[in-house]
Amino acid sequence: MTAPGEDLHTDLDGGWCLPAAAAREAVHTRSIVCRSFRRDDGLLDIDARFIDTRPFAYDSEFRGHCTPGSALHNMQLRLTLDRERRIHALVSAMQATPYEGCAEVNPHFQRLVGLSVGRGFRKAMREHIGGTEGCTHIIALLDAMAAAAVQAFASNAHAPRRAGQAEPVRIW
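The structure displayed is predicted, hence computed values, not measured ones.

This paragraph deals with the environment of Tyr 58. By the secondary structure assignment, Tyr 58 is in strand E3 (residues 58–60). Overall, Tyr 58 belongs to the buried group, its relative accessible area being 11%. Spatially, the C-alpha atoms of Tyr 58 and Arg 161 are 49 Å apart, while their sequence positions differ by 103 residues. Apart from the residues lying within four places of it in its own chain, the contact partners of Tyr 58 are Arg 63, Gly 64, His 65, Cys 66 and Leu 72.

Here it is as structure tokens:
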């Protein structure tokens, strides 16, 4: 389900407007992608993923031999937000992690349900899932999702509506 413009987010070598670089070779790629969807029930979903890859083979104490391009991190979240930007639901999955215990913190993320992704979210999030109660990479992903939520609500305000759909929230 690719939407218009999403190809801009997948072409790693195209679209750069930086000046030419010195001779170099890739050693790591990190991508954070957030996609926002308006649901039929009026709520918004924000799906996000955090992926780290290395373009060479390496050995991991936990995962054994890792092939070039395999994901060191592949973590995904879905936030479901209401009109007040409150989290109604949060789903998390960790398809690839560098350590065995990483996925054990997944249940802790449910502590965020009920929080608003508006003002004060980053501080409240860290109080609920900071340190060993969470994951540095998931916190980075949630930071990106909170910023994406602003654009999701703004985009939703301009998106075409079907008959009977609620008027969008205008945040500015």
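Turning our attention to the pattern of salt bridges. Counted by the stated rule, this structure contains 7 salt bridges. Where Arg 39 meets Asp 41, a salt bridge forms, and the shortest distance between an N and an O atom there is 2.6 Å. Owing to a relative accessible area of 27%, Arg 39 belongs among the partly exposed residues under this scheme. With relative accessibility at 49%, the residue Asp 41 sits in the partly exposed group. Several salt bridges share partner residues, and in doing so they unite Arg 39, Asp 41 and Asp 45 into one network.

Right, let's get into the environment of Pro 68. By the element assignment, Pro 68 lies in the loop between strand E4 (64–66) and strand E5 (71–81). Here Pro 68 falls in the exposed class, since its relative accessible area comes to 52%. Sequence separation of Pro 68 and Phe 56 is 12 residues, and the distance between their C-alpha atoms is 4.1 Å. Every residue in contact with Pro 68, bar those within four places of it in the chain, is listed here: Arg 54, Pro 55, Phe 56 and Ala 57.

About the cut-offs
- Residues numbered from 1 in each chain as written.
- Predicted model: local features only at pLDDT ≥ 70, side-chain atom pairs only at ≥ 80, totals over all residues.
- Heavy atoms only, no water.
- Helix = DSSP H or I, 4+ residues; strand = E, 2+ residues; numbered from the N terminus.
- Buried < 20%, exposed > 50% of the residue type's maximum accessible area, 1.4 Å probe, protein only.
- Contact = heavy atoms within 4.5 Å.
- Salt bridge = Lys/Arg side-chain N within 4 Å of Asp/Glu carboxyl O.

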